[in-house]
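# Structural characterization, general
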Amino acid sequence: MAKKAILEVLESTIGRYVHNLDPTTLNVAVWSGQIQLSSLSLDVDAVNAELGRRAREAPNLASPFRVCEGKFDNVSLDVPWARLTSRPVVFRARGLRVAMEPFDFLKDEHHDAGSGGAVGKAKANNQRVSSIAREEAARKRANVVRMALEEGDDESSADEESKQQKGPSNSTFTSRLVRRIVENLQFEIEDVHISIRGCGVAAGVVLGSLSLVTTDVNGIRTFVDRQTNARDPASSFLYKELLIAGLGIYLQPDGEAGRDFTQQPKQLQQQHQQQQQQQPIQESQEKDYVLSPLSFQAKLRQSDLDKCVEFPKYLVHSKLSSLSIGLSRTQLELGHRLALAVKPQHGIRPLFPEYRPLVSIKSDPKQWWQYTVRCIGRLNRRRSWLEFYAAFKKRKVYVELYKRMSHAEGAPWLSPLTDLEMGELEELERDRSISIGGLMHWRNLADAQVDRERQKMIAKREKQGGASNTPSKSRMRYSLFGTPKKEVLRRESTETEFYECLDDENTAPITLSADEMKELEELAMKKADQTLTKDSIFCNVNFTLGSFQVNLTTAENQPITSLEMDMVSTSFEAKADGSFAFLLSLLSLEVLDSVTQGTFYPTVCRSLQKSQTKQSHAFHVKLIKSKVGDQELVLKMVACEIVASPLLLFAVVEFFKLPVPPSADATNNPMLLETVSGEEDMFFDARERESTMLLSSPLRVSTTTPTTSPIHHPAYNKDGKVSDKLSSAIVDAWNGKNQKKQQWTMDFDISAPILILPEDCVNANAVVLICNFGKFNFTYGSDALSRSVVEWFNSRQRANKMDSEIDHLKLEMNDLSFTISSVGDATKKGIESLNRDVSTSVISPVSFTLDIGLEHTISSGDSTPRTCIIGVLPAIILRLAPSHVTKVLRVAGIWSSNLRKLRGASQVITETSTLENVEEEADLEIVSSGSGISLLDADYSNENVDKKNASTKKVRLDSILLERKECECAVAVDFMHVSLSLLRLSVNAYTESGDGVEAHLVSVKASSSLSTDGSSSTRLFMGWFWILDRLESELKLPRRQRLVCHSNLPRSADVYAENGQYVAIMDDLTQQGVFAPNYSGSADLADIQIRKLPSDKVNEYHNHVSGFSREYINLIRDAEQVTVVNAKFTSLFINWNPHAIKSLFAAKEHLLDFKDRAYSTYENMSSTRHRDVRASTQLEARHGVDEDTTEDSVFIFAQMNTFEISLNSAKDDLPLFTLTMCDAKVNRHAMSQSNAEMDLVVGDLRIETPALGRTLFLYRTILGLAPSVSTSLLSVRYCKGNKSVSSCNVGGADKAGL
């Protein structure tokens, strides 16, 4: 039986596509076990006919090539029939040659489609009928093979039945034999060459050898007979090895460029044979490989045990020693030419042609609307339940009708089909929404039901005392795949006895129960047996790539650049319980510059794992998931040095610049096109065209802009759906984690790229800008626990306990710096040395720490979760000098010109055309939501918010507060807290002579909180501030005090002035712990607090506010919101030296003049700035919003303890007079409708002489408040607006006109 099956398969497959295959000789070879087929040639017409048929059935998957010639040197199949239990079955193939050329199989189909809807419909129906018949034949052939595997030989079956009665094993002899054959099956393929020729291009794929064999544990070929033994797991292992050698892809000019490719395949084949006879093809000639011949090895170890705890069931080790890709400019042009030849030339293909109606829109618009709905559902990956229900009803009807049509003659309980029912069956088979594979599956179900019904009848006769043979279990499994034409004699005799014992009363319909139908469904849809225990290891897959290289060369084979990657390794291990572990690592990465001769940077991109870190790999990622869903993600990446080499960039851009062929139908709308029905069809896939928008108007391009390859504004290429899907995916994953109480752990150690921007790569004195974007550490989980965040949550306990958890995140940034140097010094010293050099460092390495706590509620109906964000910025130190600015602007000007040349100045769209349709980029905000976090972008909407203001941050924030207020209880809770601390900000401005001015601000902390009742609070602390003047005057006059301006310092300013100990200020602050990360902040300089109160708290605040007239407060109670600003300033001291101030103003004027001169070196600054101003102006005009008409009440309370100005002598810098203002207060209230009231109080303003002379203390005060007076020196009240002036009590004021 197996020999017959093999013979039928060979005749129906190979025999259909080759010439000169003798059936008699093949029959003898199969029975002898030695099948040798030599010098076989492909039947080109048969192969192309099959390709054309598949192209018509699936137009979007049509083959772009047709076969011109093909032959096999040798094909052999060694089947040792007498020794199948000890020798393997070996398949060998050698010398496969296939020649192809570009061809459009749908070209004729497109012309035939335009002849009319009736012709197209009839042709489509005929093609479907022939396809069903072909698939039915293939189904029956497959059943023959399955029957051979199930039934086996008669003798083998008889022996196996006796063994089944004796032994406990359920496996048959045939199944063990088939398993042994499959496990030892060997494939050996050598010398394969598939070539493509056309349009002057010769391309192809070559394969030296491919072998798939069975080996032992040492990799030696062997024959195995495995046994499942739990005590000895090694005996259950199966070892397979796959070897591929000499696999490559080449692309080169064709020597037969003048050949006519419009001839028929048979003519082409004859022409090929004549050329081979005259001049044989030299296979050994060198080829221009795009993919160099490679070698690949893969080893598989498989176990049959159900419990694999210490070893995986499937172990795969694969290795690719090297992967080299070489691409020249000539090959790129040839590939582009071949791609254009392969590209369809008949317009846009239909979208989902299997659903497309075969009638015109006017004749049956309902079908076209259904087609539209189905296409939209497929594109959105959403299907309607009505569609599923309709498919279920079709399957139910088809299975019943096909069962009666195919088995009515052999099953008396089934009635034959009527003409009406036969028409209904044919109509279902013509339904193109049902795939042919689905029809074959339904037929299998019908055959299985008939077989099961036959078994029930046999069982019924046995109960009644009848004698009949019970069909075997294997027969029921076989019938699921259909009934073959011929069966074995044993089965025919059984059925004969069965039908002879039938009488009239037993011809009643046999029906299957719901459980029996379900059993058939499960048997039909049965997949791989999942018998592994939950603690077993399912698979372990490892892959190693030794090296990867990409080389780009010019048409003259001159090297341009090369990319080199060292070993890449990856592994994946999965267990039966759903847990897995994934690893991926990259050893190193380099990109070489072969264009710039004599460059100081021959490597324009390289990973720095060896020089800067202790990591052995440039990139490493690890993802682990447990069986309960807990996940751990580890990502490590070292810094990568990237050098912007202008000559290399120009060469690469020029290398990939390809001519754009003119499009004849570029002006046509791709959504409206003449189709099969002759109507305008709107159901085409527009993704294959340039435009992807319905009825989109073309961009307006300037007259000088060519239309061959326009460059679009980024706003036109922006796809909002991508951000929406990403946001939704993140939110869904976060919510799922919270609901399932899963634990996530993340550890990212990423070093950002180091960008090197040289003025010139070959000049050692050229300026180079080095931008080190720093190192980022992101931690999520228990390791990210922050004490300050925990203290914030603990200090704000809720009144009612709730089921919630807090997720901790930590982000650290280190070593962010910006350096200016020369090319020669940068290559000698290195990046680390330049960062330590004060003369070259513009921005000293900056660090930043951000701790985030996200509270998420688990129970439904819980209060709003809270979010806490605390950031610390240790120091920002800037060093600016005129030379730095000149160098930066010079390099920026050069690279601005380079980028403009790279883009192409003639391809820039006019400003007016781009600005009309550019949408403002949406801001992304992360706000705590009911189940975790939510991402709010431009799509965020609220019905209570005006649509015109929905895009602004203010309105979005107000809407969030409104939602929190409506859903919260009476007790207000802070649900959002943000705190940012800057420990030090230093700006050093130097002149060309080396002196300069220093400004320092120490201990700045800003915090903001949002409450659920709609209120918000913002607070700003500032500790210490001073400005140090190190400028030297032309007169060289002495300077006793160089602190021009300062606040209260740890010690007196005179102490620091002694011997110029100004550096001690930082030392004293360090000793106080000011620069510690956990420092709480200082308000020695200023304390500013801003509070916003909602409408329900306006009246309460107005009743208790003081500092304003009560009559005025009573008139402003119609305010909708209150903003209160409290500002407290301690002391500020100014040392005024005339020559010092003159030097400062002179330096200012010099700086302004230098700015004008420096900007002149930057050629594009004026035009860029002008364009940016125009763009921002037009955007503001387009996105302008209506004026806010709400009444906001703003209270400002400001006070300053001391403001002192010391007027010093110009010659000796000694104090002459001291001007002091004490206890100054300003209370101001304003409303949006021009009503305001302000009180100004100055406690004391005095002018004194210094204490250096012999003047008595009582006579030192020249002007000031008397010592015995306790009132303020000056009080001023200012009123504006009707309400304010009418409530002002001023004696003698005329208010009649108010």
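Treat the numbers as computed from the prediction; the structure is a model and nothing was measured. (Residues numbered from 1 in each chain as written. Predicted model: local features only at pLDDT ≥ 70, side-chain atom pairs only at ≥ 80, totals over all residues. Heavy atoms only, no water.)

### Structural notes on the overall build of the chain
Condition: Secondary structure elements are defined from DSSP: runs of H or I of at least 4 residues count as helices, runs of E of at least 2 residues count as strands, and each element is numbered from the N terminus. Residue burial is assigned from relative accessible area. The probe radius is 1.4 Å, only protein chains are included, and a residue is buried under 20% of its type maximum, exposed over 50%, and partly exposed in between. We call two residues in contact whenever any of their non-hydrogen atoms come within 4.5 Å of each other. Surface exposure here means Shrake-Rupley accessible area, sampled with a 1.4 Å probe, where a residue is shielded only by the protein chains that are shown.
A tally of helices and strands in the chain yields 32 helices and 41 strands. Across the 1298 residues in the chain, those meeting the buried criterion constitute 39%. Residue pairs at least 24 apart in sequence account for 72% of intrachain contacts in the chain once pairs closer than 6 positions are excluded. As displayed, the chain has an accessible area near 72100 Å², and 56% of this comes from carbon and sulfur atoms.

### Looking at the confidence of the model for the chain
Note the following rule: As a per-residue measure, pLDDT tells how confident the predictor is, with possible values from 0 to 100.
For the chain, the mean per-residue pLDDT works out to 75, and 69% of the residues sit at or above 70. Contacts from residues 257–262, a stretch scored under 50 in pLDDT, to residues over four places away or in other chains number 13 contacts. Predicted confidence for residues 467–508 stays below pLDDT 50, and this span has 70 contacts to residues more than four positions away or in other chains.

### Let's talk about the packing of aromatic side chains
Spelled out, the test is: The rule is short: rings of Phe, Tyr and Trp, with Trp giving its six-membered ring, pair when the centres are within 6.5 Å, and they are stacked under 30 degrees, edge-to-face over 60, tilted in between. Lysine NZ or arginine CZ positioned within 6 Å of the ring centre and within 35 degrees of the ring normal marks a charge as sitting over the ring.
Under the definition given, this model contains 16 aromatic pairs. An angle of 85° between the planes, with centres 6.3 Å apart, marks the rings of Phe 237 and Tyr 239 as edge-to-face. Look at Phe 237 and you get buried, because its relative accessible area is 11%. Put simply, the rings of Phe 237, Tyr 239 and Phe 311 pair up and form one aromatic cluster. Its end group placed over the ring of Tyr 250, Lys 287 keeps NZ or CZ at 5.6 Å from the ring centre. Above the plane of the ring of Phe 237 lies Arg 301, whose end atom (NZ or CZ) is 4.3 Å from the centre.

### Structural notes on unusual backbone geometry
Residues other than glycine seldom take positive phi values, yet Asn 557 does so here, at roughly 65°. Taking the relative accessible area as the measure of exposure, Asn 557 reaches 58% and is therefore exposed. Phi at Asn 1059 is positive, roughly 60°, even though this residue is not glycine. Relative to the helices and strands, Asn 1059 resides in the loop between helix H26 (1053–1057) and helix H27 (1064–1071).

### Looking at the nonpolar core
Condition: Think of a nonpolar core as a cluster: buried Ala, Val, Leu, Ile, Met, Phe, Trp, Tyr and Cys residues, connected wherever their side-chain atoms sit within 4.5 Å.
By size, the foremost hydrophobic cluster in this structure holds 22 residues, and its most contacted members are Ile 560, Tyr 601, Phe 655, Ile 756, Val 768 and Ile 770. At the level of elements, strand E16 (603–607), strand E19 (640–643), helix H17 (646–656), strand E23 (754–758), strand E24 (767–780) and helix H21 (823–829) are the ones that each hand at least two residues to this core. Looking at this core element by element, the count peaks at three residues for H17. Those residues in contact with Phe 655, other than ones at most four positions away along the chain, are Leu 327, Ser 328, Arg 329, Leu 332, Leu 552, Thr 553 and Ile 560. By size, the runner-up hydrophobic cluster in this structure holds 18 residues, among which are Val 18, Val 192, Val 201 and Leu 338.

### Observations concerning helix H12 (residues 419–430)
Rules: Between the first and last residue of a helix there are one fewer steps than residues, each counted as 1.5 Å, and that sum is the expected span. Arc, as used here, means the arc of the directions from the helix axis to the C-beta atoms.
A rise of 1.5 Å per residue sets the reference length of H12, with its twelve residues, at 16 Å; its end C-alpha atoms lie 16 Å apart and thus fit the reference within 8%. Considered for burial, the residues of H12 that qualify are Leu 425, Leu 428 and Glu 429. Take H12 and look down its axis: the buried residues cluster within an arc of 100°, on one side only. Those residues of H12 that are exposed and angled more than 90 degrees off the buried face are Asp 419 and Leu 420.

### Details of the state of the cysteines
Let me state the cut-off plainly: Working definition: a disulfide is two cysteine sulfur atoms within 2.5 Å of each other.
Throughout the structure, instances matching the rule amount to zero disulfides. No disulfide involves Cys 605; its nearest neighbouring cysteine sulfur is the one of Cys 640, lying 3.2 Å away.

### Side note on the pattern of salt bridges
Convention followed: The salt bridge criterion pairs a side-chain nitrogen of Lys or Arg with a carboxyl oxygen of Asp or Glu, the two atoms within 4 Å.
Counted under the stated rule, the structure contains 38 salt bridges. For Lys 810, the salt bridge goes to Glu 812, with nearest N and O atoms at 3.3 Å. By relative accessible area, Glu 812 is classed as partly exposed at 24%. Notably, a salt bridge pairs Arg 1277 with Glu 1237, separated by 3.9 Å at the nearest N-O pair. Here Arg 1277, found in strand E41 (residues 1274–1280), pairs with Glu 1237, found in strand E39 (residues 1236–1248); they are 40 residues apart in sequence, far enough to count as distant. By sharing partners, the salt bridges in this structure join Glu 136, Arg 139, Glu 429, Arg 443 and Asp 447 into a single network.

### Description of the packing of helix H11 (residues 385–407) against H12
Rules: Think of each axis as a best-fit line through the C-alpha atoms, taken over the contacting stretch in the case of a helix, with angles from 0 to 180 degrees between the N-to-C directions. Orientation labels follow simple angle bins: below 35 degrees gives roughly parallel, above 145 gives roughly antiparallel, 65 to 115 gives roughly perpendicular, and whatever is left gives oblique. Two helices that cross are described as forming a left-handed crossing if the nearer one is turned anticlockwise from the farther one by less than a right angle, and a right-handed crossing if clockwise. Under this grouping Gly is polar, as are all residues other than the nonpolar Ala, Val, Leu, Ile, Met, Phe, Trp, Tyr, Cys and Pro and the charged Asp, Glu, Lys and Arg.
In contact at an axis separation of 10 Å, H11 and H12 are set at 125° when each is read in the N-to-C sense. What the angle tells us is that H11 and H12 run oblique. For the crossing formed where H11 meets H12, the hand is left-handed. For the pair H11 and H12, contact is made by Lys 394, Val 397, Tyr 398, Leu 401, Tyr 402, Arg 404 and Met 405 and by Glu 421, Met 422, Glu 424, Leu 425, Leu 428 and Glu 429, respectively. Taken together, the residues of the contact of H11 with H12 sort by class into eight nonpolar, no polar and five charged.

### With respect to the packing of H17 against helix H23 (residues 882–903)
The contact between H17 and H23 brings their axes to 11 Å, and the two run at 10°. When the interaxial angle is binned, H17 and H23 end up roughly parallel. Contact residues: Pro 646, Leu 649, Phe 650 and Val 653 in H17; Trp 895, Asn 898, Lys 901 and Leu 902 in H23. When the residues that make up the contact of H17 with H23 are grouped by side-chain class, the tally is six nonpolar, one polar and one charged.

### Section: the environment of Thr 1261
Note the threshold: Under this definition, polar contacts are N or O atom pairs within 3.5 Å; protein pairs additionally need one hydrogen-donor-capable and one acceptor-capable atom, and for neighbouring residues in sequence, both atoms have to be side-chain atoms.
Secondary-structure assignment places Thr 1261 in strand E40 (residues 1261–1263). For the pair Thr 1261 and Ile 1247, spaced 14 residues apart in sequence, the C-alpha separation works out to 6.0 Å. Apart from residues no more than four positions distant in its own chain, Thr 1261 is found in contact with Arg 1246, Ile 1247 and Glu 1248. Separated by 3.2 Å, the side chains of Thr 1261 and Arg 1246 make a polar contact. One polar contact links Thr 1261 to Glu 1248, side chain to side chain, over a distance of 3.4 Å.

### Re H11
For H11, built from 23 residues, the straight-helix expectation of 33 Å at 1.5 Å per residue is met to within 8% by its first-to-last C-alpha distance of 33 Å. For H11, the complete set of buried residues consists of Tyr 398, Val 399, Leu 401, Tyr 402, Lys 403, Arg 404 and His 407.

### Examining the pairing of strand E12 (residues 559–565)
Condition: At least two DSSP bridges between two strands are required for those strands to pair.
Of the pairings in the sheet, the one linking strand E11 (residues 548–553) to E12 comprises six bridges and is antiparallel in character. Bridged to Gln 549 within E12 is Glu 564. Between the end of E11 and the start of E12, which pair antiparallel, lie five residues, with Asn 557 showing a positive phi angle near 65°. In this structure, E12 lies alongside strand E15 (residues 589–593), joined through five bridges in antiparallel fashion. By the bridge assignment for E15, Met 565 is matched with Leu 589.

### Quick look at the side chain of Thr 1218
Within the element layout of this structure, Thr 1218 appears in strand E38 (residues 1215–1231). With sequence-adjacent residues up to four places away left out, Thr 1218 is seen in contact with Glu 1204, Ile 1205, Arg 1246, Ile 1247 and Glu 1248.

### With respect to the pairing of strand E32 (residues 996–1011)
With 15 bridges joining them, strand E31 (residues 974–990) and E32 adopt antiparallel strand pairing. Considered in E32, the bridge of Ser 981 is made with Lys 1005. Here E31 folds back onto E32 in antiparallel fashion, the turn holding five residues, of which Gly 994 has a positive phi close to 105°. As paired elements, E32 and strand E33 (residues 1016–1029) share 13 bridges and run antiparallel to each other. Bridge assignment links Ala 999 to a residue of E33, and that residue is Ile 1027. Joining the antiparallel neighbours E32 and E33 is a turn of four residues, in which Gly 1014 adopts a positive phi near 95°.

### Comments concerning a nonpolar patch on the surface
Quick note on the threshold: Each patch is built from salt-bridge-free residues with over 30% relative accessible area, joining like charges within 9 Å and nonpolar side chains (Val, Leu, Ile, Met, Phe, Trp, Tyr) within 5 Å.
On the surface, Trp 1136, Leu 1207, Leu 1216, Phe 1217, Ile 1262 and Leu 1263 cluster together to form a nonpolar patch covering roughly 560 Å² of accessible area. Those elements giving two or more residues to the nonpolar patch turn out to be E38 and E40. Position of Leu 1207 among the secondary structure elements: in strand E37 (residues 1192–1208). Residue classification places Leu 1207 among the partly exposed positions, given a relative accessible area of 35%.

### Re the environment of Pro 602
If you trace the backbone, Pro 602 turns up in the loop between E15 and E16. Measuring from C-alpha to C-alpha, the distance between Pro 602 and Val 591 comes to 8.7 Å, with eleven residues separating the pair along the chain. For Pro 602, the residues in contact, after removing those within four places along its chain, are Val 591, Leu 592 and Asp 593.

### Quick look at the environment of Glu 50
Within the element layout of this structure, Glu 50 appears in helix H3 (residues 44–57). A C-alpha to C-alpha distance of 9.5 Å links Glu 50 and Tyr 17, two positions 33 residues apart in sequence. Filtering out sequence-adjacent residues up to four positions away, Glu 50 remains in contact with Arg 16, Tyr 17 and Arg 134.

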